[in-house]
Amino acid sequence: MTLFDLALKNMRRNMRSYALYFGSVLFSIVIYFTFVTLKYSDDISALADSSLKVQGIMSASSVVLLIFVAMFIIYANSFFIKKRKKEIGLYSLLGVRKKQIGFLLFFENIVLGILSLAIGIMLGFLLSKGLLTILVRLMGLDAVASFTLSSEAMLNTTVVFMIVFLFTSLQGYRVIYQFKLIELFYADKKGESLPRAKWLATIAGITLLIFGYWLALQDLMTSKMWAMLGIATPIVIIIATVAGTYLLFHSVLVFVLTKLKNNERWAWRGLNLLSVSQLLYRIRGNAKTLTTIAVLSATTITAGGAVYGLYYNTGEQTQHYLPNTFMWEGEAARISSQDVVYDETINAKQSELDIAGVTYRYTFIDNDTYNKLAKLQKREQLTVHNGEAIMLDPYYDERFSTNFTGQQLTIGKVVVKVKSFRTESILNADIVAQVIVVSARDYQALEVNDSAYQLIGMSDEKKQVATSNDLQQQLGDSYLSSFPASYKASMESLGSLLFVGSFLGLVFLVATGSIIYFKIMTEAEEDRGKYEILHKIGVGHKEMSKTIRMQIGFIFAAPLVMGILHSAFALSAFSGLMGTNIIVPVIIWMGVYVGIYAVIGCQAHKQFSHNLQWRQIK
């Protein structure tokens, strides 16, 4: 039997152990190949307005994905090498030379890599049309995706992943030549260091987390701490949160679990003592890994939740600033469409105001004009008496803007008092910005010339891009405020970012979940003897399954809960900064993330129980 035959036999024998690793690598290759394919896609290139933007995003994302996947593959491969140290030691004991053992591991990893590459590229080709269709739909584009097998994408994917697999294949040589025979046989007995939980570290961990959360929620414009730290504030928040997370797993949870272990009434109930003892070992030994997973989860949820929140509110935000489908200054233009709801010409005046030493430029309309438009837009009617004014400012933010309610405004010979202040607009804000509504008499008294504005409202305004293009051709160099054009631009930018963020997030999620899975599977082999002893002294399968479920659930839930908690504070700060409500999209995003994580956790419990082989324990 040749070494190559032995490598294939080992792979078939260990296929169950390799399954998740192979699946994670395969998934990563599919996504990477898809991103590179989209970069070279003729369908994307045909979208002249979006091609450069999408190709740039895909290029940057493929680099990020490659770095992360390479780190994940190297990390996962080290787990399998550790798991097989006893097997390697046995080969050495039987007289197999180290060079031959190295070639055996090299063949196994290269075969696995070539197999995953071949299947990954094939699946990527088959899925490219579907993924491109998702991208096109997210961007709100009217295009039909086609199957694309790009030779550039194939070459790119093959080269970069073969380099990664070559590097991981050489990892086996380090194990063979670095460790002595006795160390290889007892590799499964050697755990990570078990630091003690100390009061100082426990208090420091809690304090750092509270400080990081508190600083993240401080108002950017009014916080003295932000003013003192300046641009270094986000770095301080990240350092405090990461350090606090590490200390949480290293000491805080260890402290809590130790207290539970010392509580006799709780510890001696069922297998609680065994469960908490096992958790103590795993939390202590895996503090760095759990911290990394928690931080990656927080980053993924925060980035994805922020982009999805903006994408989810794109239509509402665009409508807020552009209440009319089209608006421009000047003469009317012809629109041949049955979707026109209203086509109005209004007069408005613009004047500069000096308020508290600051010069502002406002657009004035009379009360009748406002109410006419409000009726068409299904808004509340207003009543403005002589000497009164209502200010409309869709850009208003209490942190940056001034509320002029109750103040007197002097415009030439006209003096009005601001009756109320509204954070909305009846006109498109990119043309007129802030609007002041006054009575008909006060409007006529303004010593400023009128300007004519054309306002058009249409049904299905998101789909009126063709009409927008036709209007812009008629207007020439004149500026056209267009709801469909603005909405389309936002959808293209945020849609491509959401596509990238979603699939990168899935890769991160699968990879981090797999890392915990690998650790649990490794520890299952180490714990087999303990459960055999429990079975022999009369502990039933149901009780053992319960304690396994509790331990695995805790290991999976701890970094996930911390990641969600971190992202909740980060997204709360982001929502306040952007002035938009993203609760619904964030809950949806977190729900999907938790659901996928739960599937991996359930699979880990199932595999753990299978590895212990309850029916064979006698």
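A quick note: this is a predicted structure, and the numbers were derived from the prediction, not measured.

Colleague: So what about the overall build of the protein chain? Which residues, and what values?
Modeller: From N to C terminus, the protein chain includes 22 helices and nine strands. For the protein chain, the proportion of its 618 residues judged to be buried stands at 48%. A fraction of 82% describes how many contacts in the protein chain between residues 6 or more apart in sequence connect residues 24 or more apart.

Colleague: Just give me the short version of the side chain of S297, but keep the residues and values in it.
Modeller: Residue position: S297 is located in helix 14 (residues 287-312). Note on S297: relative accessible area 0%, which makes it buried. In this structure the side chain of S297 is engaged in a polar contact, spanning 3.2 Å, whose partner is the side chain of Y593. Here S297 is in contact with G563 and Y593, once residues within four sequence places are set aside.

Colleague: Outline the packing of aromatic side chains, listing residues and values.
Modeller: Evaluated as defined, the whole model comprises 11 aromatic pairs. Ring plane angle 5° and centroid distance 4.0 Å describe the contact between Y213 and F569, whose orientation is recorded as stacked. Of the two residues, Y213 is situated in helix 9 (residues 199-216) and F569 in helix 21 (residues 541-578); the sequence distance between them amounts to 356 residues. Ring pairs connect the aromatic residues Y32, F161 and F165, which therefore count as one cluster.

Colleague: Can you explain the pattern of salt bridges? Please cite residues and give values.
Modeller: One side chain can pair with another of opposite charge once the charged atoms of both are near each other. In total, this model carries eight salt bridges according to the counting rule given. For E380, the salt bridge goes to R422, with nearest N and O atoms at 3.4 Å. Of this pair, E380 sits in the loop between helix 16 (367-376) and strand 4 (388-392) while R422 sits in strand 6 (residues 414-422), placing them 42 residues apart in sequence. Residue classification places R422 among the partly exposed positions, given a relative accessible area of 21%. Here K488 and E492 are joined by a salt bridge, their closest N and O atoms 2.5 Å apart. Of this pair, K488 and E492 are both found in helix 20 (residues 483-536), four residues apart, which corresponds to roughly one turn of the helix.

Colleague: Let's hear about the pairing of strand 4: which residues, and what values?
Modeller: In regular strands, side chains alternate between the two faces of the sheet. With four of its five residues buried, strand 4 lies for the most part within the structure. Where strand 4 meets strand 7 (residues 435-438), four bridges bridge the pair, whose relative direction is antiparallel. Counted as the bridge partner of A389 is V438 from strand 7.

Colleague: Before we move on, can you summarise the environment of S451 with the specific residues and values?
Modeller: Structurally, the position occupied by S451 is in strand 8 (residues 451-458). As a C-alpha pair, S451 and I346 span 105 residues in sequence and 8.3 Å in three-dimensional space. Contact partners of S451, with chain neighbours within four places excluded, come to E329, I346, N347 and A348.

Colleague: Give me helix 11 (residues 233-262): which residues, what numbers.
Modeller: Along its 30 residues, helix 11 runs 41 Å from first to last C-alpha, staying within 8% of the 44 Å computed at 1.5 Å per residue. L248 marks the point of greatest bend in helix 11, at about 50°.

Colleague: Help me get a handle on the environment of L310, residues and values and all.
Modeller: Secondary-structure assignment places L310 in helix 14. Its relative accessible area of 26% is what places L310 among the partly exposed residues. Excluding anything up to four places from it in sequence, L310 contacts L494, F574, M578 and T580.

Colleague: So what's going on with the nonpolar core? Residues and values would help.
Modeller: General note: in soluble globular proteins, nonpolar side chains tend to be found buried as a group. Core analysis: the biggest nonpolar cluster contains 90 residues, and I73, F161 and F499 have the highest contact counts within it. The dominant element in this core, judged by the number of residues it contributes, is helix 20, at 18 residues. Those residues in contact with F161 that sit more than four places away from it in its chain are S28, I29, Y32, V69, I73 and L117. Y370, A374, I390 and V437 belong to the second largest nonpolar core, which has 19 residues in total.

Colleague: An account of unusual backbone geometry is requested, with residue identities and associated values reported.
Modeller: A positive phi angle is found at K378, which is not glycine, with a value near 60°. The phi dihedral of D460 is positive, around 50°, even though this residue is not glycine. If you trace the backbone, D460 turns up in the loop between strand 8 and helix 19 (465-475). For D460, a relative accessible area of 52% gives the class exposed.

Colleague: Describe the packing of helix 11 against helix 14, and please don't skip the residues or the numbers.
Modeller: Between two packed helices, the angle of one axis relative to the other and the distance separating the axes together describe the packing. Helix 14 packs onto helix 11 with a crossing angle of 135° between their chain directions and a minimal axis gap of 9 Å. Considering the angle they form, helix 11 stands oblique to helix 14. In the crossing of helix 11 with helix 14, the sense of the turn from one axis to the other is right-handed. The segment helix 11 lies against helix 14, with V242, T245, Y246, F249 and H250 engaging A287, K288, L290, T291, A294 and V295.

Colleague: Before we move on, could you go through the packing of helix 9 against helix 11 and cite the residues and values that matter?
Modeller: Packing of helix 9 against helix 11 leaves a shortest axis separation of 7 Å and a crossing angle of 145°. The two elements helix 9 and helix 11 meet at a crossing, and its hand is left-handed.

Colleague: I'd like a description of the confidence of the model for the protein chain, backed by residues and values.
Modeller: Model confidence for the protein chain is summarised by a mean pLDDT of 78, while 77% of its residues fall at 70 or above. Contacts from residues 191-195, a stretch scored under 50 in pLDDT, to residues over four places away or in other chains number 12 contacts. Ignoring residues within four places in sequence, the model shows residues 614-618, a span with pLDDT below 50, making 10 contacts including any to other chains.

Cut-offs applied
Residues numbered from 1 in each chain as written. Predicted model: local features only at pLDDT ≥ 70, side-chain atom pairs only at ≥ 80, totals over all residues. Heavy atoms only, no water. Helix = DSSP H or I, 4+ residues; strand = E, 2+ residues; numbered from the N terminus. Buried < 20%, exposed > 50% of the residue type's maximum accessible area, 1.4 Å probe, protein only. Contact = heavy atoms within 4.5 Å. Polar contact = N/O pair within 3.5 Å; in protein donor to acceptor, adjacent residues only side chain to side chain. Phe/Tyr/Trp six-rings, centres within 6.5 Å; stacked < 30°, edge-to-face > 60°. Salt bridge = Lys/Arg side-chain N within 4 Å of Asp/Glu carboxyl O. Pairing = 2+ DSSP bridges. Expected span 1.5 Å × (residues − 1). Bend = angle between axes of the 7 residues up to and from the residue. Core = buried A, V, L, I, M, F, W, Y, C linked by side-chain atoms within 4.5 Å. Axes fitted to C-alpha atoms, helices over the stretch in contact; angles between N-to-C directions. Parallel < 35°, antiparallel > 145°, perpendicular 65-115°, else oblique. Left-handed = near helix turned anticlockwise from the far one by under 90°. pLDDT = per-residue confidence, 0-100.

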